[in-house]
Each structure stands twice: as structure tokens, then as C-alpha cells.
Protein chains: 2
Amino acid sequence: MQVNIPLKKVVDNSYDISIDTLKKIHFDTKVAIITNPKVAGLHLSYLLSFISAKELYIITLSDGEEYKNQESIDTILESLFNHRFNRKSMLIAFGGGVIGDMTGYAASIYQRGIDFIQIPTTLLSQVDASVGGKTGMNNAYGKNLIGAFHQPKAVFIDPYFLNTLAPREFGAGVAEMLKMAITFDKDFFEFLEDADLNDKELLAQAIKKAVETKASVVVKDEKEHGLRAALNYGHTFAHVIENETNYKEFLHGEAVAIGMIMANEVSLSLGLMSRDEILRVKNILQKYNLPTSYKIKNSNSFYDAFFLDKKSSDESVTFILAKAIGEVEIINNVEPSVIMSVLDKFGDVK
Amino acid sequence: MQVNIPLKKVVDNSYDISIDTLKKIHFDTKVAIITNPKVAGLHLSYLLSFISAKELYIITLSDGEEYKNQESIDTILESLFNHRFNRKSMLIAFGGGVIGDMTGYAASIYQRGIDFIQIPTTLLSQVDASVGGKTGMNNAYGKNLIGAFHQPKAVFIDPYFLNTLAPREFGAGVAEMLKMAITFDKDFFEFLEDADLNDKELLAQAIKKAVETKASVVVKDEKEHGLRAALNYGHTFAHVIENETNYKEFLHGEAVAIGMIMANEVSLSLGLMSRDEILRVKNILQKYNLPTSYKIKNSNSFYDAFFLDKKSSDESVTFILAKAIGEVEIINNVEPSVIMSVLDKFGDVK
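No experiment lies behind these values; they were computed from the predicted model shown. (Residues numbered from 1 in each chain as written. Chains lettered and ligands numbered in written order. Predicted model: local features only at pLDDT ≥ 70, side-chain atom pairs only at ≥ 80, totals over all residues. Heavy atoms only, no water.)

Colleague: Go over the overall build of chain A, please, and point to the residues and values.
Modeller: Secondary structure summary: chain A contains 12 helices and 12 strands in total. The C-alpha radius of gyration of chain A comes to 20 Å, within 12% of the 20 Å expected for a compact globule of 350 residues. Counting over 350 residues, chain A shows a buried share of 61%. In chain A, the share of contacts with a sequence separation of at least 24, taken over all contacts with a separation of at least 6, comes to 76%. When the accessible surface of chain A is split by element, carbon and sulfur atoms take 49% of a total near 13400 Å². The distance from the centre of the 37 positive side-chain charges to the centre of the 45 negative ones in chain A is 5 Å. (Helix = DSSP H or I, 4+ residues; strand = E, 2+ residues; numbered from the N terminus. Rg over C-alpha atoms; globule rule 2.2 N^0.38 Å. Buried < 20%, exposed > 50% of the residue type's maximum accessible area, 1.4 Å probe, protein only. Contact = heavy atoms within 4.5 Å. Areas by Shrake-Rupley, 256 points an atom, 1.4 Å probe, with all protein chains shown as cover. Lys, Arg positive; Asp, Glu negative; His and termini not counted. Charge placed at Lys NZ, Arg CZ, Asp CG, Glu CD.)

Colleague: Quick rundown of the domain arrangement of chain A? Include the residues and the values.
Modeller: Residues and elements named next belong to chain A. Under the domain assignment, chain A is made up of domain 1 (16–163) and domain 2 (170–347). Each partner contributes residues to the interface: domain 1 has 21 residues there, and domain 2 has 30 residues. Across the domain 1/domain 2 interface, buried area totals approximately 2200 Å², and carbon plus sulfur atoms make up 69% of it. If you sort the residues of domain 1 by the area they bury against domain 2, Leu123, Val127 and Lys143 come out on top, with a joint share of 26%. In this structure, the connection of domain 1 to domain 2 is made through five residue pairs in polar contact (both at pLDDT 80 or more). Elements that contribute at least two residues to the side of domain 1 that touches domain 2 include exactly strand S3 (15–19), helix H4 (123–129) and strand S9 (142–149). A breakdown of the residues in the side of domain 1 that touches domain 2 according to their chemical character gives 11 nonpolar, six polar and four charged. (Domains from an automatic or database assignment. Buried area = accessible area lost by both parts, 1.4 Å probe. Polar contact = N/O pair within 3.5 Å; in protein donor to acceptor, adjacent residues only side chain to side chain. Nonpolar A, V, L, I, M, F, W, Y, C, P; charged D, E, K, R; others polar.)

Colleague: Summarise a nonpolar patch on the surface; cite the residues concerned and give the values.
Modeller: A cluster of nonpolar side chains, contributed by Leu48, Leu56 and Ile58 of chain A, occupies part of the molecular surface with about 210 Å² of accessible area. Since its relative accessible area comes to 34%, Leu48 of chain A is described here as partly exposed. (Patch = residues over 30% accessible without salt bridge, like charges linked within 9 Å, V, L, I, M, F, W, Y side chains within 5 Å. Salt bridge = Lys/Arg side-chain N within 4 Å of Asp/Glu carboxyl O.)

Colleague: Provide a residue-level description of the UniProt feature "binding site: Zn(2+)" (unreviewed entry) in chain A, including the pertinent values.
Modeller: Residues and elements named next belong to chain A. The residues that UniProt annotates with the feature "binding site: Zn(2+)" (unreviewed entry) are Glu176, His235 and His252. A maximum C-alpha distance of 10.2 Å among these annotated residues, which run over 77 residues, shows that they cluster at one spot. With respect to the helices and strands, Glu176 occurs in helix H5 (residues 167–184). In this structure Glu176 comes out as buried when scored by relative accessible area, which is 0%. The residues contacting Glu176, other than those within four sequence positions of it, are Leu124, Val127, Asp128, His235, His252 and Val256. Polar side-chain contacts of Glu176 include one of 3.2 Å to the side chain of His235. (UniProt positions renumbered as here; feature names shortened; annotations may be inferred.)

Colleague: Outline unusual backbone geometry, listing residues and values.
Modeller: With a phi angle near 50 degrees, Gln111 of chain A is a residue other than glycine that sits in the positive phi range. Among the structural elements, Gln111 of chain A can be located in the loop between helix H3 (97–109) and strand S7 (115–120). Note on Gln111 of chain A: relative accessible area 3%, which makes it buried. Backbone geometry at Asn246 of chain B places phi at a positive 50 degrees, although glycine is not the residue there. We classify Asn246 of chain B as exposed; its relative accessible area is 52%.

Colleague: Break down the pattern of salt bridges for me, with residues and values.
Modeller: As enumerated under the stated definition, the model contains 30 salt bridges over all chains in all. With its nearest N and O atoms 3.0 Å apart, the salt bridge here joins Lys214 of chain A to Asp128 of chain A. Note that Lys214 of chain A is positioned in helix H7 (residues 200–220) and Asp128 of chain A in helix H4, a separation of 86 residues in sequence. For the salt bridge of Lys209 of chain B with Asp185 of chain B, the shortest nitrogen-to-oxygen distance reads 3.5 Å. Residue Lys209 of chain B is found in helix H7 (residues 200–220), and its partner Asp185 of chain B is found in the loop between helix H5 (167–184) and helix H6 (186–194); the two are separated by 24 residues along the sequence. Overall, Lys209 of chain B belongs to the partly exposed group, its relative accessible area being 31%. What emerges from the salt-bridge pattern is a single network uniting Asp128, Glu176, Lys179 and Lys214 of chain A.

Colleague: Describe the sheet that holds S7 of chain A, with residues and values.
Modeller: If you walk across this open sheet you meet the seven strands as S5(A)-S4(A)-S6(A)-S7(A)-S10(A)-S3(A)-S1(B), and the pairing is mixed. Both outer strands of the open sheet, strand S5 (51–60) of chain A together with strand S1 (2–5) of chain B, are each paired with one neighbouring strand and no more. When the angles between neighbouring strand axes are averaged without regard to direction, this sheet yields 20 degrees. Pairing between strand S6 (residues 90–95) of chain A and S7 of chain A: six bridges, direction parallel. Residue pairing in the sheet places Leu91 of chain A in a bridge with Phe116 of chain A of S7 of chain A. Contacting strand S4 (25–35), S5 and S6 of chain A, helix H2 (residues 70–82) of chain A runs over the sheet at an angle of about 140 degrees to S5 of chain A. The strands touched by H7 of chain A within the sheet are S3 and strand S10 (154–157) of chain A together with S1 of chain B, with S1 of chain B carrying the most contacts at an inclination of about 10 degrees. (Pairing = 2+ DSSP bridges. Axes fitted to C-alpha atoms, helices over the stretch in contact; angles between N-to-C directions.)

Colleague: Which residues make up the interface of chain B and chain A, and what values go with them?
Modeller: Counting residues at the interface gives 67 residues for chain B, matched by 67 residues for chain A. A per-residue breakdown of the area chain B buries against chain A is headed by Met1, Leu7 and Arg112 of chain B, which together make up 15% of the total. Between chain B and chain A we count two salt bridges in total. Summed over the shared surface of chain B and chain A, the number is 30 residue pairs in polar contact (both at pLDDT 80 or more). Only S1, strand S2 (8–12), strand S3 (15–19), helix H2 (70–82), helix H3 (97–109), strand S8 (134–139), strand S9 (142–149) and H7 of chain B provide two or more residues apiece to the side of chain B that touches chain A. For the side of chain B that touches chain A, the element with the highest residue contribution is H7 of chain B, accounting for eight residues. Its residues assigned to classes, the side of chain B that touches chain A comprises 28 nonpolar, 18 polar and 21 charged. As defined by bridge partners, S3 of chain A adjoins S1 of chain B across four bridges and the pair is classed as antiparallel. Counterpart to Ile17 of chain A in the pairing with S1 of chain B is Val3 of chain B.

Have a look at this one:
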């Protein structure tokens, strides 16, 4: 005997991202703002001049990638249980990517899923983490290995928050913009080569362009069965670098910058990019004061670490490689010897 | 400036439930069977005569509702990480509802979601937990308060496993069948009044009918925005009873049986059921040796505990009430005094 469960249906997870000064908004529910002490100290009063709610709670987590773990998730969940949040309650992620990912993940598992809104305060989270619905946390095995796909109800990008952003943090955000330009949009790359992003109007345009580029990819492949993997350009290498340096030496975007340099060396070996093109990428990274070198201590252990990365299949590692500038290839069968000789290069002088 | 992320699309989470002797099946991936020592001792060799895989792992969790917690989830996840499971790997839940819920939850958060299959070994999990995609675990605040909606790829119900089921466990499964009959299908109720479920053919028919009834509800309301809440008939009371008795005195189905008796008293007070109808329900519960009484020590604390249950909204508790036999009403605004006087009844002699 057989019973079919026909769960085929239209699901609408659409949402709007506004790039603008915040507007007044009132929630007729319980709301928890999840943030960290640094963001709260700088910007909570500004935020609260726009947000009101039937009941408002502030949950403050320790600041930093090293707190993107089960303990912080438990802190959020326990607070929600203690304050009797229900399925109609709302979470607001107010901070960078760490806060956004953890807030989204907590929202996805609290009572099997409640709504959340993103108000990203760093350039990196504005252009990257706030689009696409990836949520999660790190554990002893690596970065973002536990998580869920859970789309926000809305994203509010207010460039005001960038006024207090440290130059390194700003550069880290530009690195993610460059990632999208190099893999999908040569015009955007050239815009970023020419533009002065201190100009607020040009910066807002760049944010919009980055958000649109990422959105177009996510819409085609929400759960990363194919194309979306292209957004991990530079990340396969970056995750190993971040692990090796305990997330202390580089900001995420900085590790991605180095990762793109490494990926491009693979592209060069495979004839996908010219020496001129990889130099052009290196130049633009340097324009935005991003790091372009890293000393690999042990190529073998660096290579082995790829297999702990979740984007990897059983026996092969997936590499996301730029093809010229503005195109991307996802390749599963790169010869280990090609990768090893690239890794060895970074073990020498650089 | 505004960017819309148009994530509206057709999602197909359909799957088949077979009610039959298992068939041979080979997986060309890594597979982990999640089970407990009792089920493994009785039935693992039988299962392994059907299942083969490229790589097969067995993860054995302690048996019992009290182990449906973060520690057990961590045990699963750590094993998957240690064995380098990837997004194409498969989990198989082999046991009762506890194993099914935890396996599904672990599958939903491992690398943002991998596939799983249910092979339920108790009557309760065959008719209830294996249909609908609710996954989760308990925590200090209550039952199933952390979790996700994650549909299995397939469910294999093999009545063979019921041969070793203890009579109380069997009765607990019948209680969930009765829940579905009382709320949705008078014919099914009368079938269960008349049938001898020791007859294997009648039992298979009853399982199929229960699965179909639940499926028809889940298909209309996968994420419990409305109708699906009706499947919680008896459960609002049962969860409090289970908490008060530390999940030790009653099996889940037994607590649901008592919960249905309590809910029916509310129906009686509101004129939704007649005295004859609630007696008929009591009789059928007794036919299947299910408990129908419980001594409430403190009506006030019993009432307060409703508000920790996730089905509750801010200020009111949702009650799922039978209307006659075969129909259901979901009511948000039952006067607290009505509930209190029902609870007080159970504080007396019963």
C-alpha cells in the first residue's frame, strides 16, 4: 500500500531591500533587537528613534566571529522563551554579518520558525549577508557548518551606519562587492575601478548594484544546488585562512580578498584568466587597501582543510574560478597537483 | 532606493509513504542510520538485510524522551562532521517518534539541510510522527520548542516492527489514530470502535487511513497557520501532563488520551459535544486500554503552563475542541473560568 503526500506548492518568500534612511515603523507584536555592545553603543538610540513595538526587548551578544556559536544562539533562545515569544513575534538583526546570521538561525529554529528583519550596519553585511537567507553559526569543525535557509521579511540598509565604520571594515565590504563584480559583471568592476566610494551617492549606487547582482543569483538558485555556489568565489581558500588564523588576523572580507588572489592563480594555471587580468584584480584590491598575500605554512594541511568545507563533495573539492573578468566557472575536477603547485607558490616568498 | 528579491516559486516537497514489507534499497552515498539500542538490538539485522550504501554508519542514541535534547543532536552532528558527511549524504531515522524528530532536525540544520528518510518502528510514529515534516527537540522550557519544518524524502512503514511492540506502546499509537478519527472522520472512528486490530490486515488498513487523514490536513496547511493546529487536539493538555510527570508516568499517546478527555469536558461545557458523545470517546479509549483520568494537583499552575506551550498566542490559549465526533473547532477565546472549572473537576475525585 502506498500514500502520496503531495506537498508541491507555490511558496512566496519575496521581500524588499530598501537602501535609504530608516523610516518610522511600529510592530504590534513582541520584538527583540539582537545586537552587540559596540553597535548598541554607537547606534541603538538612532535605531530606537524609528522602531517601536508592543513589547520591545534588546538582546546583546558579545561582539566577534568567535562568539558565532551555540552559546550565543542559546542566549537568544533562552531570552525568547523567558519573555514568552510566540510564533507571531519578530526578531530584528541589528549589526554585521555575525549578528545577522545568528539572528536568522535563531529565528529559523525557534518554535520551528518565526519572522525576522535585517538592519545591517556594516558594508559587508549590507551588500552580502543581508541578501539570500543563509543563516547559521560556526562550530569546532568550521564556519557556518550548522544553519538553515531562512529568508528575512525585509532588509533595511541605511548608509548612515557606515559613517562610523573603520576603514578596514569598509574595505572588507568592498571585497565582497568586488567578488560579485569579478564573477558576474564587468561593468560593475570597471565602475569600482573608477569610482570614489567616499562619495555617498556613488556608494549607495554601488551597494544597490551589489545587492542586485547577488539577488539575481539567489533568485535563480536559492538553496545552492548550482549557480549560487559561484558566490563562494574566493571563499574556499578564505575559510581555510580564517580557520588557520583563528578568525583573528583577517576580517572575513580581507580573507576573501586573499582567497580571490589564490583562486585567480588557479584560473591562470588552467588558462581561464590572463596574467593581465589577475594583475588588474590585484590592483583594485590594493586600491581599497585589501591584503593580497598570505604565507601558507604547510600546503598539505591547507589542502586537507578543503575537505572539511561544506561546499565539498565526497572525493573532490569544488573550485569557483573567475573566467576573464565578469564570468565564472564552477569546476569539480581540478587536478590536485594544480592546486598543490598554487598553494606551494604561497608557501614561498609572498 | 529599493530592490525586490522575488523568491516566489514552486517548491515540490512531495514524498511517498509505503505501508509494506521493506524492499531492498542501495544508496550510492554516505548513509547514517540513527537509532537507539533497543531498536537496534531487536531489528537492526532485519533492516540491514534490506539497506546497503557506499558507506554506512550507525549512530546509536540513548532511548527515551528525556534524551530528546541538544546533547543528542550534538552527538548526531559530531558524528556526521567526523565522517565528513556532505550535502548529498543521507540520514535514516530508525526508531520511534523521538528518533524521527531528532534525525529530521539534525538533517535540517546540518550544512543548512540534507535529506533524510523515516523508517518508523512504533505504531505511534508510523501513524503520526512520520507524516508532516515537523522535527525538533525538547529543552528546559518544554517539548518540541526548538525545531524546523523539514520533509522526509520517503517514509517506509513496515508493520513487521510492530510484532515486538509492548501493548502500552501499541495503545499509545491507537490514541493518535483516535485523535484523527474524532476530529476529522466519523467513519474511521466507527471502524476503530468495531475492528480487532490484532488482525494484521485491519491494522494495515487503519494505519493507511490514519496516514491519509493526517496527510490531507498537512497538505492543506504544511506550516500550521490554521487547520493543522487541529492535529493538536488533546495535546495542549497532554504537554502539561507530560511536563508535570517529567515524561515518566505516561507515554505520549497515553497523555494525549487524557488530554482528549479533558478537551471533551471543555466541549461539553461549551455545548459542542453531548454527554453521550464524550462517553463514547471514553469507552473507545478504554477498549484500547488507554488511561482516561489524571489528578491535577494545582489548577492554577496547570493553567499557567498553557502559556509556555508554543501553540499559544500572546494573551489567549488556543483550544482544539471536538465538535460531536468527526469534526473539530479551533477556539482562541475560551473564557478562563470555563477552563478553570474543567481543571478543577480533575482536581477532585478522578
